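Here's the letter readout for the chains.
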Amino acid sequence: MQHGRHEAGHVGQPPRRSGFGTDFATELRTLVSPRVLGLLIGVLVLQIAFIFSYVAAFHAPKPTSIPVAVVAGPQTQQVVGKLNAIDGSPLKASGAADEATAKRQVTGGDKSAALVMNPRGTTDALYVAGGGGPAVVSAVEQVTGQVEASQQRTARTVDLVPVQKEDGRGLTGFYLVIGWIVGGYLVTAAIGFLASARPANVAAATGRILALVPYAVLSGLLGAIVVDPMLGALTGHFMALWGLGTLLVLSSAVMTIGMQALLGVVGIGVTILIFVVLGNPSAGGPYQYDLLPGFWRVIGPLIPNGAGTSAVRDIVYFGGNHLGGPIAVIVAYIVIGAAIALGATAFFSRRAASQAADPAPAPAPSH
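Scoring rules and cut-offs
Residues numbered from 1 in each chain as written. Predicted model: local features only at pLDDT ≥ 70, side-chain atom pairs only at ≥ 80, totals over all residues. Heavy atoms only, no water. Salt bridge = Lys/Arg side-chain N within 4 Å of Asp/Glu carboxyl O. Helix = DSSP H or I, 4+ residues; strand = E, 2+ residues; numbered from the N terminus. Buried < 20%, exposed > 50% of the residue type's maximum accessible area, 1.4 Å probe, protein only. Pairing = 2+ DSSP bridges. Axes fitted to C-alpha atoms, helices over the stretch in contact; angles between N-to-C directions. Contact = heavy atoms within 4.5 Å. Patch = residues over 30% accessible without salt bridge, like charges linked within 9 Å, V, L, I, M, F, W, Y side chains within 5 Å. Areas by Shrake-Rupley, 256 points an atom, 1.4 Å probe, with all protein chains shown as cover.

Asker: What is the right way to read the pattern of salt bridges from this model?
Answerer: It is possible for side chains bearing opposite charge to pair when their charged atoms get close. Using the criterion set out here, one finds 1 salt bridge in the structure. The partner of Arg153 in a salt bridge is Asp124, with the nearest N and O atoms 2.5 Å apart. Taken together, the positions of Arg153 in the loop between α5 (134–150) and β5 (154–159) and Asp124 in strand β4 (residues 123–128) put the pair 29 residues apart, joining distant regions of the chain. For the pair Arg153 and Asp124, a shared accessibility class is recorded, and that class is buried.

Asker: Would you mind going over the sheet that holds β4 with me for this structure?
Answerer: Consider a sheet: its strands pair through backbone hydrogen bonds, and that pairing is either parallel or antiparallel. Overall, mixed pairing links the 5 strands, which are arranged β2-β1-β3-β4-β5 in an open sheet. Looking at strand neighbours, the two that pair on one side only are β2 (91–95) and β5, the edges of this open sheet. Going across the sheet, the axis of each strand differs from the next one's by a mean of 25°, ignoring polarity. Bridge count between β4 and β5: 6 bridges; the pairing is parallel. Opposite Ala125, over in β5, you have Arg156 as the bridge partner. Of the strands in this sheet, β1 (66–71), β2 and β3 (113–116) are in contact with helix α3 (residues 76–84), which crosses β2 at around 170°.

Asker: Can you help me understand the environment of Leu250 in this one?
Answerer: With respect to the element layout, Leu250 can be found in helix α8 (residues 238–263). On the basis of relative accessibility, which here comes to 11%, the residue Leu250 falls in the buried class. Beyond its immediate stretch of four places on either side in the chain, Leu250 contacts Leu212, Val213, Ala216, Met255 and Ile334.

Asker: In this structure, what is going on with the environment of Tyr54? I would like to understand it.
Answerer: One can find Tyr54 in helix α2 (residues 34–58). Its relative accessible area of 21% is what places Tyr54 among the partly exposed residues. Here the alpha-carbon distance between Tyr54 and Asn280, two residues 226 residues apart in the chain, equals 8.1 Å. Setting aside chain neighbours within four positions, we find Tyr54 in contact with Val276, Asn280 and Pro281.

Asker: Help me understand the pairing of β3 in this model?
Answerer: On a regular strand, one side chain projects to one face of the sheet and the next to the other, so that they alternate. Here β3 shows two buried faces, one formed by Ala113 and Leu115 and the other by Ala114 and Val116. Both β1 and β3 contribute to a ladder of 4 bridges, which runs parallel. Looking at β3, one finds that Val68 is bridged to Ala113. Across 4 bridges, β3 lies against β4 in antiparallel orientation.

Asker: Explanation requested: a nonpolar patch on the surface in the structure shown.
Answerer: A cluster of nonpolar side chains, contributed by Leu44, Ile48, Phe50, Ile51 and Val55, occupies part of the molecular surface with about 440 Å² of accessible area. The topology assignment puts Leu44 in helix α2.

No statement about biological role is implied by the geometric values presented.
Written out as structure tokens, the structure is:
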């Protein structure tokens, strides 16, 4: 017997040929197989969608219908009309009864700014809320400054709700929310890869959802610790941020479970589309809703990224005055994701059981 003759293959089979050309061709055939090619195309689509969504949302921020209160005595409606007649409608002005009312509207988050005219001079007051987003403040200052200059007047900016000292550019809440959401869908995607994308049955799907609750609670806690006692970026609202973080992690995690149960591995791509491609640029982080193009301005509040960013600002800067809407959106994703997960799992598990109980007939023997 000659040693080494068949070491690359089974006895009686020719050895597997190896070499650069052979291995290259084998790998190339693998990459152009329908399944792998479909995956590559899907990733390419997500990549280009990511680029398009971010650039389209941020490349040319333009103020649109920023809510502004106006106090100008007998001239209030005239000033309101001038502000609302500006080309492109950058502002949505409305009259306020008096200065105190206008300031309350700003500090409560009902208005982004308030222009209070000085009847005894040419220097007016522009009250703003930096905590609602510095980009909006800059836009309002620019637009009202042009209007004031045309009337030989000036406006002194007074920030009634400044960002906290360590909350640089008011972006801490945005990055905190993104971190929570990314953690939610990544942990679920990891479970899908390690176990299976689709839970085996409804009990397994329920267990997978419930198992993520402790993770969400811990994730919410650690995020709140980072921004409050550790870095001091958002202080004074630890428990509220912890609770919000828990809900946000669950919203992305449970929705990812639902998409995986419905679509398998492709479901991960769908959640990336929702939370990354669409959710991040429309969240109102670097540029708030009133500065985004129409599509992103509309969808932003309807995705947990935007709802969560608004919720953080409401909690930290506006006393939670408008918290109901964002929380309802976040909870809706949890409920809808769970419903999809359980419904899709029930459907596919019943179909698998039916196929197992009624196997396809064996092919007739050939003669």
